[in-house]
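# Topology and contacts: notes
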Amino acid sequence: MKAKQLSVFLENKSGRLTEVTDVLGAAGINLSAMSIADNSDFGILRCIVSDPDKAYQVLKEAHFAVKITDVIGFTCPNTSGSLAKVLRHLSDNGVFIEYMYSFANGDVAHVVIRPTDLDSCDKILAEKEVDLLAASDLYKL
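Because the structure is predicted, anything quoted here is derived from the model rather than measured. (Residues numbered from 1 in each chain as written. Predicted model: local features only at pLDDT ≥ 70, side-chain atom pairs only at ≥ 80, totals over all residues. Heavy atoms only, no water.)

## Topic: helix H4 (residues 118-127)
Buried residues of H4: Leu118, Cys121, Ile124 and Leu125, and no others. Down the axis, H4 shows its buried residues gathered within 135 degrees of arc, on one side only. Exposed positions of H4 whose direction lies more than 90 degrees from the buried face are Asp119, Lys123 and Glu127. The elements touched by buried residues of H4 are strand E1 (2-11), strand E4 (65-77), helix H3 (82-92), strand E6 (108-115) and strand E7 (131-132). N-cap assignment for H4: the residue whose side-chain oxygen lies 3.3 Å from the backbone N of Asp119 is Asp117. Just past H4, the residue Glu129 takes up positive phi, approximately 60 degrees. (Buried < 20%, exposed > 50% of the residue type's maximum accessible area, 1.4 Å probe, protein only. Helix = DSSP H or I, 4+ residues; strand = E, 2+ residues; numbered from the N terminus. Arc of directions from axis to C-beta. Contact = heavy atoms within 4.5 Å. Polar contact = N/O pair within 3.5 Å; in protein donor to acceptor, adjacent residues only side chain to side chain.)

## Details of the packing of aromatic side chains
Summed over the entire model, instances satisfying the criterion amount to zero aromatic pairs. Above the face of the Tyr99 ring, Arg46 is positioned so that its terminal group lies 3.7 Å from the ring centre. (Phe/Tyr/Trp six-rings, centres within 6.5 Å; stacked < 30°, edge-to-face > 60°. Lys NZ or Arg CZ within 6 Å of the ring centre and 35° of its normal.)

## Describing the side chain of Thr69
Counting through the fold element by element, Thr69 comes out in strand E4. Contact partners of Thr69, with chain neighbours within four places excluded, come to Ala3, Lys4, Gln5, Ser7, Tyr99 and Arg114.

## Description of the pattern of salt bridges
Per the stated rule, a full pass over the model turns up six salt bridges. Measuring nitrogen to oxygen at the nearest pair gives 2.6 Å for the salt bridge that ties Arg16 to Glu11. With relative accessibility at 12%, the residue Arg16 sits in the buried group. Owing to a relative accessible area of 41%, Glu11 belongs among the partly exposed residues under this scheme. Residues participating in the shared-partner salt-bridge network are Glu11, Arg16 and Glu19. (Salt bridge = Lys/Arg side-chain N within 4 Å of Asp/Glu carboxyl O.)

## What to know about H3
Here H3 has its buried residues at Ser82, Val86, His89 and Leu90. Seen from one end, H3 has its buried residues packed into an arc of 95 degrees, which puts them on one side. Next to the buried residues of H3 lie E4, strand E5 (97-105), E6 and H4. Downstream of H3 by a residue or two, Gly94 has a phi angle that is positive, lying close to 75 degrees.

The structure is reproduced here in structure tokens:
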């Protein structure tokens with residue numbers, strides 16, 4: 001099941017992440033998950049939020065470079081080899097994953113992936129009975 005993720009481009013300077021979180025917080029938007037990748041000049045904040053369309057608007061109004069990307073969320077047991085099993089289903093079927101981030105909470109791991117082929121990925125995971133997260137559930141983790 002597809003969900004919306006925000007990608008926010010940030011200059012590598014002190015306070016930029018604070019500015020994003022201030023804007024989102026002031027708009028009543030909660031961050032459910034996030035990941036930051038950087039190089040020497042800029043970083044990319046990828047995040048799942050409680051209201052992606054509203055978050056996009058308020059960040060644009062605050063002059064941030066932001067875009068919305070579709071991703072897929074799923075859960076798997078927080079045990080050795082569980083994630084490998086799910087990823088094997090995808091790689092055996094030629095689905096390439098551009099990036100992924102995850103977090104564990106007790107016995108469950110929550111995973112967000114950006115595959116190159118969202119529809120095939122969604123279909124394969126459903127066929128393999130992977131516990132897909134509805135967008136509404138992912139937004140409120």
